[in-house]
Amino acid sequence: MSTFQTPQYSISEMLKDASDGTLQLPDFQRPYRWDDERIRSLLVTVLRGHPMGVIMTLETGGENIRFKPRPLTGVQLDTAAKEPELLLLDGQQRMTSMFQALTGNGIVETEDVRHHKLTRRYFIDVEKALGDARSQDEAVVSLPADGIIRENFNRDITFDVSTPEKQQLEGLMPLSVLFDQQAGMPWLFNYMAASKPGEDVDRTAVMQAFTTNILNPMQQYKIPAIQLKKDIGKDAVATVFEKVNTGGLPLDTFELLTATFAGDRAYFEETGKDFRLGEDWELTQKVIDDHRALHGIRNTDILMGISVLITLEKRKADAAKGLTGKKLSQTSARREDILSMELRDYRRVAPLMRRALPAVARHLRSLHIHSSGAVPYRSQLIALAIFHVLLGERAEEHAVRGRLNQWFWCGALGEQYGATIETKISRDAEQVPGWALAESSDLPDTVARATFAESRLGSLRTRQSAAYKGVYALLMAQERPTKDWMLDRELDFATYDELQVDIHHVFPKKWCNENGIEDWRRESIINKTPLSKSTNIRLSGDSPAEYMHRLDSKGLAPEQVDLQIATHAIDPAFLRAGDFDGYFDDRRARLVVLIEKAMGKGVARDWEIDSEDSDRPENFTEEHDDIDSVDIE
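Source: prediction; values computed, not measured. (Residues numbered from 1 in each chain as written. Predicted model: local features only at pLDDT ≥ 70, side-chain atom pairs only at ≥ 80, totals over all residues. Heavy atoms only, no water.)

### Side note on the overall build of the chain
For the chain, the helix and strand inventory stands at 29 helices and 15 strands. For 633 residues, the compact-globule formula gives about 26 Å, and the C-alpha radius of gyration of the chain, at 33 Å, lies well above that figure. Its C-alpha atoms give the chain principal-axis dimensions of roughly 100 × 70 × 45 Å. Sorting the 633 residues of the chain into buried and exposed places 51% on the buried side. Sequence-distant contacts in the chain: of pairs separated by 6 or more residues, those separated by 24 or more amount to 73%. (Helix = DSSP H or I, 4+ residues; strand = E, 2+ residues; numbered from the N terminus. Rg over C-alpha atoms; globule rule 2.2 N^0.38 Å. Buried < 20%, exposed > 50% of the residue type's maximum accessible area, 1.4 Å probe, protein only. Contact = heavy atoms within 4.5 Å.)

As structure tokens, then:
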């Protein structure tokens, strides 16, 4: 059975429906914002009789969907206005532009291409409108709201159509008058009677031609529509909206759920007001803002986590009833399940996710992930928040934290959270907590399936890679504290920002270029390490054999400097010798040991294997990054 029909509406019908509230917007629609030239171009399209594109509406009154409606911008409805019959899902910018420009006084609050605010009114030149395509484009005129063009800092008036008489004399008809059934023809009769000194225009002929060829066709202009039937599901509304949305602003689950929750009858009956998802999100956003590592989390991410917790609850309840297999509810972060979420469930679970976020930030801090840019996968943070909700304080226990860390490194270094994240988060929510508590001996899929190949170290070159970020954090998360080479200070949460720590070359870029080191080896994570800004500057672009002497002269004995450098999984002897090849092979082996310990499993030793299936650098597309922007060349 079809879920939609395809009627056509005249502009006059649409304007009337918008005016009396028959047609309204769902509350998730973004604010109206079209610039002056786009509005003028739309009106030229109508003048020429060209198609302006499809609009999409939804019948109201269905059982599956109840969106809170709001009128189009500029529509004034009294408090007793009837419920809309149709909601405008796509076409808001076009319909609002036409409503404001073609009804009432025709004044539109808009902006120019620089986003400078304007108040405009649109006119049609009755003579040019009868001309060719170029003339018709010039026929639609945008003027200041009062119809007066001023120059010389508003001192001089150069054009004035501020009154009907002046408009009729100039032959500029307000488009709001053209679509007014009662005012259009009287305006044209007055135009016909007006006369400018010395003009050679047959105004009667122009008036007749304009009425036949312009006024009547424009009033009868049809807009094609997709009208969704009221029994369609919320997920289908979202899908269809994304497919036909002509404004370039795709609808997300948060916006759709905002409108759904705002129309929740039970909440309104309980509280006497509509639920505002945006206001609830502000509470979560405040928590996120307080923790740098969480700054990348979006509202749709949190909704995924809430959906997983709600559906996991249902799955456990089904299992407690003895249900098995396909009869069990599915744990899900999919959009359709988010959209089917009940407000009462959201209100119960959302605070749990919110309270778990500081624990996630502390967890990341313990892994030496100090900013959102250093997070391997944002979606992994949602899974981690779910674990903290389910485990509570037990997530802080040493053994439990160790298993959660293993899961984290397997996901990041194994690069598993880059796709199909809804499935991964749901699966991990089912498998990881019990395993972390040692209640189950079965490895979670994320841990069991994780792999890392030694050759991948050669192709990890930029922060665009999750595994690159993972190795960077892992270098600072070793049991023996990682220290800055020159300042004799640990690189941790307390010093990370103060020292302006970032990842830098060990053998500097300048030296590598001068000594024929291949680009991929120069930029590999093998040749990178975390250092303070001042230390990196001290290294300059010289060979380590030279900059090591400068480090020795900063108050530490050479043996102490060597100990500092050794905390970075580096044998300082290779640096003192300026031996890049020896350093590169040794550092690679040391990083492999770190990765194996973090993931709790062996790394594939494939460095010497020449195959397109390996993770060798030549098998990866070159990536560009802004890392080491402060390196001394």
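### Remarks on the pairing of strand β8 (residues 117–125)
Among the 9 residues of β8, 7 are classified as buried, and the element is accordingly described as predominantly covered. Looking at chain direction, strand β7 (residues 107–111) and β8 are connected through 5 bridges and run antiparallel. In the strand pairing of β8, E109 is matched with T119. Connecting β7 to the next strand, β8, in antiparallel fashion are 5 residues, including H115 with a positive phi near 70°. As paired elements, β8 and strand β12 (residues 172–174) share 3 bridges and run antiparallel to each other. Considered in β12, the bridge of D125 is made with L172. (Pairing = 2+ DSSP bridges.)

### Description of helix α1 (residues 11–20)
Restricting attention to buried positions, one finds in α1 the residues I11, M14, L15, D17 and A18. Mapping the buried residues of α1 onto a view down its axis gives an arc of 165°, with all of them on the same face. Looking at the residues trailing α1, positive phi occurs at G21, about 90°. (Arc of directions from axis to C-beta.)

### With respect to the nonpolar core
Judged by nonpolar contacts, the single largest core of 112 residues is most densely connected at Y346, W407, W485 and L575. A total of 10 residues in this core trace back to one element, the largest contributor, which is helix α15 (residues 343–366). In this structure, L42, F99, W187 and I223 belong to the second largest nonpolar core, which totals 50 residues. (Core = buried A, V, L, I, M, F, W, Y, C linked by side-chain atoms within 4.5 Å.)

### Observations regarding unusual backbone geometry
Of note, N152 is a non-glycine position whose phi angle comes to about 55°, a positive value. With respect to the helices and strands, N152 occurs in the loop between β10 (148–151) and β11 (156–160). Its relative accessible area of 38% is what places N152 among the partly exposed residues.

### Focus on the environment of P26
Structurally, P26 is set in strand β3 (residues 23–26). Take P26: its relative accessible area is 0%, and that puts it in the buried class. Dropping the residues within four chain positions of it, P26 is found in contact with F67, K68, R70, L87, L88 and L89.

### A few points about the side chain of D112
Among the secondary structure elements, D112 is positioned in the loop between β7 and β8. Polar contacts involving the side chain of D112 include one to the main-chain amide nitrogen of H116, which spans 2.8 Å. Once residues lying within four places of it in the same chain are set aside, the contact partners of D112 are D35 and L118. (Polar contact = N/O pair within 3.5 Å; in protein donor to acceptor, adjacent residues only side chain to side chain.)

### Things to note about the packing of aromatic side chains
Using the criterion set out here, one finds 21 aromatic pairs in the structure. Each residue in the set F507, W511, W520, F580, Y583, F584 and W607 is aromatic and connected to the rest through ring pairs, giving one cluster. The side chain of R365 reaches across the aromatic face of F493, ending 3.8 Å from its centre. It is R588 that lies over the ring of W607; its NZ or CZ is 4.2 Å from the centre. (Phe/Tyr/Trp six-rings, centres within 6.5 Å; stacked < 30°, edge-to-face > 60°. Lys NZ or Arg CZ within 6 Å of the ring centre and 35° of its normal.)

### Remarks on the side chain of E523
Relative to the assigned elements, E523 resides in helix α24 (residues 519–523). Within the local environment of E523, its side chain forms a polar contact with the side chain of H505, the two groups lying 3.2 Å apart. Ignoring any residue separated from it by four or fewer positions in sequence, one finds E523 in contact with L460, R461, H505, K509 and K528.

### Details of the environment of S455
In this fold, S455 is placed in the loop between α19 (445–448) and α20 (456–459). Residues S455 and K326, spaced 129 residues apart in sequence, show a C-alpha to C-alpha distance of 41 Å. A distance of 2.7 Å separates the side chain of S455 from the side chain of D606, its partner in a polar contact.

### Points about the confidence of the model for the chain
Summarising the model, the chain shows a mean pLDDT of 89, and 92% of its residues fall at 70 or more. A low-confidence stretch, residues 622–633 stays under pLDDT 50, and its non-local contacts, those more than four residues away or across chains, total 28 contacts. (pLDDT = per-residue confidence, 0-100.)

### Digging into the pairing of β10
Across 4 bridges, the pairing between β10 and β11 is antiparallel. From the neighbouring strand, R150 faces β11, where its bridge partner is I157. The turn linking β10 back onto β11 is made up of 4 residues, and N152 within it adopts a positive phi angle of 55°.

### Regarding empty space enclosed by the protein
Evaluation of the coordinates by the stated rule reveals 3 cavities of 30 Å³ or more. Its volume calculated, the largest cavity comes out at about 40 Å³. As for the largest cavity, its lining consists of F254, W281, T284, N299, I302, L303, I306 and Y346. When contributions to the lining of the largest cavity are tallied by element, the ones reaching two or more residues are α12 (277–289) and α13 (299–320). Broken down by element, the lining of the largest cavity gets its largest block of residues, 4 residues, from α13. Partitioned by chemical class, the residues of the lining of the largest cavity number 6 nonpolar, 2 polar and no charged. (1 Å grid on protein atoms, 1.4 Å probe; cavity = no way out; pocket = protein on both sides within 12 Å on 5 of 7 lines; lining within 4 Å. Points joined across faces, edges and corners; volume = space filled by probe spheres on them. Nonpolar A, V, L, I, M, F, W, Y, C, P; charged D, E, K, R; others polar.)

### Notes on the environment of T451
Tracing the backbone through its elements, the reader meets T451 in the loop between α19 and α20. Measuring from C-alpha to C-alpha, the distance between T451 and M599 comes to 8.8 Å, with 148 residues separating the pair along the chain.

### Notes on the pattern of salt bridges
Counting across every chain of the model gives 43 salt bridges. As a salt-bridge pair, K16 and D20 come within 3.4 Å of each other at their nearest N and O atoms. Of this pair, K16 and D20 both sit in helix α1, separated by 4 residues, roughly a single helical turn. When its relative accessible area of 29% is taken as the criterion, D20 is described as partly exposed. One salt bridge in this structure joins K597 and E479, with 3.1 Å as the shortest N-O distance. Residue K597 is found in helix α29 (residues 580–599), and its partner E479 is found in the loop between α21 (466–476) and α22 (493–496); the two are separated by 118 residues along the sequence. Just as K597 is exposed, E479 falls in that class too. Bridged by salt links that share partners, the residues D519, R522, E523 and K528 form one connected network. (Salt bridge = Lys/Arg side-chain N within 4 Å of Asp/Glu carboxyl O.)

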